[in-house]
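# Reading the structure
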Amino acid sequence: MSDEILFDIFEPGESPLPHANDEVAVGIDLGTTNSVVAISKDGRPEVLRDAKARALIPSVVAYGQDGSVIVGHEAREQILDRPQDVVSSIKRLMGRGLEDVKAVAGQLPFVVDQDATGMVRLIVAGRTLSPVEISADILRAVRDQAERALGKKVPKAVITVPAYFDDAARTATKDAARLAGIEVLRLVNEPTAAALAYGLDQGAEGLYAVYDLGGGTFDVSLLRMEKGVFQVKATGGDAALGGDDIDHLIAEKFLAERGEAKLDAGKVKQALMTARVAKECLTSRDGGEWMLEFEGRTSRHQLTRAELETMIAPLVLRTMTICRQVLEDGGAQPADVKGVVLVGGSTRVPAVRKAVADLFGTLPLANINPDEVVAVGAAQQAEALTHGSDTLLLDVTPLSLGLETMGGIVEKVIFRNTPIPTAMAQEFTTYQDGQTAMMIHVVQGERELVSQNRSLARFTLSGIPPMAAGAARIRVTFTVDADGLLTVSARETATGVESEVQVKPSYGLSEDEMADMLKDSLEHAKEDMAARVLAEAKVEARRNALAVIAALSHDGDLLSPEERLVIDQALAGLDCACTGNDRDVVLAASEELEAATKPFAEKRMDRGIRKALAGVSMDNLEKRVGE
Amino acid sequence: MKIDVHHTDGLEACVVECWSCKGPASPRALFCSVCGAVQPPRPLDHFQRLGMMPGFDVDLSELERHYFGFQRRLHPDRFAGKSGKEKLHSQQQAMALNEAYETLKDPLKRAVYLLKLKGCKLDDADGATISDPKLLMEQMEAREALMEADSAEEVQAILARTESDIAFAVDDLSQAFQAACLMGAEKLVLRLKYLIRLSDEARGRKARLMKGA
Ligand SMILES: [Zn+2]
């Protein structure tokens, strides 16, 4: 029996969950055009609606000169009245630098500026706002809708992002949630969330593709689904391709027909809204006529479905090329794919459906509402993360990560479609005698030249001991966590002198900016933050206490009654500290417990080593680990 | 008796300290048998990590079953509500599992890894020169044929041939490892590397030709 105890492998399911979570966690699809929020209870997902039973919350924010903020349907209604104060499609600017947005800037009625980090700022209604702040306003409205529907506070969420979002856009999304006072349990890729919803609801098994054409982004993922495992094989996409582009094509045509000499924000927005109506109409009709009316002049514009299909053919073709690449990356043929799940409102366009059906040779699945399926999957993942689950999501990183080397060439460190979380290290050396510093430039993308890829961060590793060229060993480690977020650290290893740098990619908010924004935002955000830090300290303290209690019941015989008393008192002290609300008291009590149990821990280690040396069979162990 | 266990790592140490309850734990245990805390990954080789018999011949479905089984218990999604340290160790475990799985599921990576485990020093550099004249000749001819192929069909024929060569090379590798012929295995690894690169290039050329058509 005695060697059994030492080598028993503990199943996590058998350990008591630290305080079964009664807090509500929702799934949020933070979309370019619309956002959706859902919850899952006991495996049954439900989309949360507003008082008028509407699920979709337009991702539109209207800012007033008086500082007011309106989000959703009401904001969308104001687009035409005061276009310069109403922001839509902000998701397209998440994590973008000014250079990146020049292409879309023409469509924005705002003065676009950039801050010191190169991050985009919009000047709206007399305020300077980052995409992160605007997204935070949307997230607050989404959470409010969930709280009203549920009648309770919603502090945690799984938030979805396009699979093809790069690190800067992911970081920006997480920052937005933080600013809105929402704890992000996990960022989940949109196609993966949709696959989860299908797999759990429809019992889909085998190799599936998810074709997700949203308002502003396109993703395609290839997944294997079976026995509760959702394994992403490959993913690809375009972070700047979506239904918005179809609207723009139609709007451009109408405006050109109208012969408008001088365009302003109001005209463009009205044309875009008409274009969207036309697009939606043509999903069920073969043709129609639409009107543009401004400056007292009415123009009529005809469009048939066939014409529209010709106009959008290059766009559809581009998605097909990406689909083929993803199939190849996943080592699959179209015929291997058992089904294609359609996600995103733009997949209602018949030409899109037909192209998908032609490529994969199978009728696409759309029996879960394509507007809601991502939020549903996110809600299911939120439930899995807070209440436990048998399903397992294994996702990949969509873009390769690398470093700039001599001549502006990228050396890839992590290749696209690598399962996450992942860590990879690469060694570099100095190329000059006596070199004491080294520039490290982190890029993301598939191209060969640094200039063709997305620059994520630059930092200088200094303090390298002077050595002959090539003698220093600089180890750069890339870590991508389960949210797909990157951390880079570097150290010089040849001399043992370690100089470690943690890098948060640029285009995000600095910690200072974040602190300022939190200060400026609603008062309770600050309280939420303090409450979260306290809650974390308590989770850690309770975990420590449970570990000590487990050790006492296992090895309590090692202690004299006096020694036992000291530990019991420390445990009681920690218990008492946890009933209070002072983080410092909790931390101090944790430290006291640690000190009080130190002699006990030493005795336990001694016993363990003695037992092991007395001849515990390693074969026994090996057999068990392999099972 | 006092033994410093902190500086012994890997399997030489028969006992390690659990970071959570500070008691003794097995170096192979994923979770502490006393307090249940997830343990950081220990320095195991990829085969040990995934509970596979070391060797070139790997049953891929068994490998995958083990990988999923370990991930089910160790993936960060299982630790979302847990303390920071548990989250960290779960992430490290999941990373180690991913690395092991990615290495073992791919025949070339598996062969290279196995050779390294057996003490062979392989030249990793991509531009490694081919010293085997036969292989050099074969590759030069194949590449020339690829460059001259100007229809998707021709490229497809080269691709099919290369893929069948890859399958044969993998079979040969299996036999070399079974016969414990490391020299032969090293040669085959080099050949496999070039064949895989050739098939990648052929695929790329085929895609370009089809796009142009
Ligand atoms: Zn323990």
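These figures come from a predicted structure and were not determined experimentally.

Residues and elements named next belong to chain B. Mapping L114 onto the fold places it in helix α4 (residues 107–117). Measuring from C-alpha to C-alpha, the distance between L114 and L146 comes to 32 Å, with 32 residues separating the pair along the chain. Aside from chain neighbours lying at most four places away, what touches L114 is F47, G55, F56 and F177.

Within a sheet, neighbouring strands are paired by backbone hydrogen bonds and run either parallel or antiparallel to one another. Residues and elements named next belong to chain A. If you walk across this open sheet you meet the five strands as β18-β13-β14-β15-β19, and the pairing is mixed. The sheet is open, and its two edges are formed by β18 (339–343) and β19 (392–394), each paired on a single side. With strand direction ignored, the average angle separating the axes of adjacent strands in the sheet is 25°. As paired strands, strand β14 (residues 218–226) and strand β15 (residues 229–238) are joined by nine bridges and run antiparallel to one another. Across the sheet, the residue bridging to R224 is Q231, located in β15.

Further remarks concern the packing of helix α3 (residues 84–105) of chain B against α4 of chain B. Residues and elements named next belong to chain B. Contact geometry for α3 and α4: axes closest at 5 Å, N-to-C directions at 105°. The orientation of α3 relative to α4 falls into the category roughly perpendicular. Touching E102, T103, L104 and K105 of α3 are P107, K109, R110 and Y113, all from α4. Per-class residue counts for the contact of α3 with α4 are three nonpolar, one polar and four charged.

So, about the sheet that holds strand β6 (residues 69–71) of chain A. Residue and element names in this part refer to chain A. The strand order across the open sheet built from three strands is β6-β5-β7, with neighbouring strands paired in antiparallel fashion. Edge positions in the sheet fall to β6 and β7 (86–88), since each has one partner strand and no second. Between one strand and the next, the sheet's axes are offset by a mean angle of 20°, whatever the strand orientation. Together, β5 (60–63), β6 and β7 form the strand contacts of helix α4 (residues 131–150), whose direction differs from that of β5 by roughly 105°.

Right, let's get into the pairing of β14 of chain A. Residue and element names in this part refer to chain A. Counting buried residues in β14 gives eight out of nine residues, a clear majority hidden from the surface. Across eight bridges, the pairing between strand β13 (residues 206–213) and β14 is antiparallel. Along β14, the bridge assignment pairs A209 with L222. Counted between consecutive antiparallel strands, the loop separating β13 from β14 contains four residues. Taken together, β14 and the strand that follows it, β15, pair antiparallel across an intervening segment of two residues, in which K227 is found at a positive phi of about 40°.

Time to look at the nonpolar core. One recurring pattern in soluble globular proteins is that nonpolar side chains are buried together. All names here are of chain A. Core analysis: the largest hydrophobic core is formed by 44 residues, its most contacted members being Y211, F218, L222, I250, V337, V356 and F360. Taken together, the elements giving at least two residues each to this core come down to β13, β14, α7 (243–258), α8 (265–281), β16 (287–294), α9 (305–329), β18 and α10 (350–360). No other element matches the nine residues that α9 contributes to this core. Ranked by size, the runner-up nonpolar core spans 42 residues in total, among them I39, L122, A177 and L179.

All right, on to the packing of aromatic side chains then. If you walk through the whole model with that rule in mind, you get six aromatic pairs over all chains. Taking 5.3 Å as the distance between ring centres and 15° as the angle between the ring planes, the aromatic pair formed by F56 of chain B and F177 of chain B counts as stacked. In this pair, F56 of chain B sits in the loop between α1 (46–49) and α2 (60–74) while F177 of chain B sits in helix α6 (residues 152–178), placing the two residues 121 residues apart along the sequence. On the accessibility criterion, F56 of chain B (4% relative accessible area) is buried. By relative accessible area, which is 11% here, F177 of chain B ends up buried. Taken together, the ring pairs in this structure connect Y67, F68 and Y101 of chain B into an aromatic cluster. Sitting over the face of the ring of F600 of chain A, R604 of chain A holds its NZ or CZ atom 5.6 Å from the ring centroid.

All right, on to the environment of Q175 of chain B then. If you trace the backbone, Q175 of chain B turns up in helix α6. Between the alpha carbons of Q175 of chain B and F56 of chain B there is a distance of 9.1 Å; along the sequence they are 119 residues apart.

Per the counting criterion, the structure on display carries 43 salt bridges over all chains. Salt-bridge contacts for D77 of chain B lead to R186 of chain A; the nearest nitrogen and oxygen are separated by 2.7 Å. Of the two residues, D77 of chain B is situated in the loop between α2 and α3 and R186 of chain A in strand β12 (residues 183–189); the pairing between them involves two chains. There is no split in this pair, since D77 of chain B and R186 of chain A are both buried.

Conventions we followed
- Residues numbered from 1 in each chain as written.
- Chains lettered and ligands numbered in written order.
- Predicted model: local features only at pLDDT ≥ 70, side-chain atom pairs only at ≥ 80, totals over all residues.
- Heavy atoms only, no water.
- Helix = DSSP H or I, 4+ residues; strand = E, 2+ residues; numbered from the N terminus.
- Contact = heavy atoms within 4.5 Å.
- Pairing = 2+ DSSP bridges.
- Axes fitted to C-alpha atoms, helices over the stretch in contact; angles between N-to-C directions.
- Parallel < 35°, antiparallel > 145°, perpendicular 65-115°, else oblique.
- Nonpolar A, V, L, I, M, F, W, Y, C, P; charged D, E, K, R; others polar.
- Buried < 20%, exposed > 50% of the residue type's maximum accessible area, 1.4 Å probe, protein only.
- Core = buried A, V, L, I, M, F, W, Y, C linked by side-chain atoms within 4.5 Å.
- Phe/Tyr/Trp six-rings, centres within 6.5 Å; stacked < 30°, edge-to-face > 60°.
- Lys NZ or Arg CZ within 6 Å of the ring centre and 35° of its normal.
- Salt bridge = Lys/Arg side-chain N within 4 Å of Asp/Glu carboxyl O.

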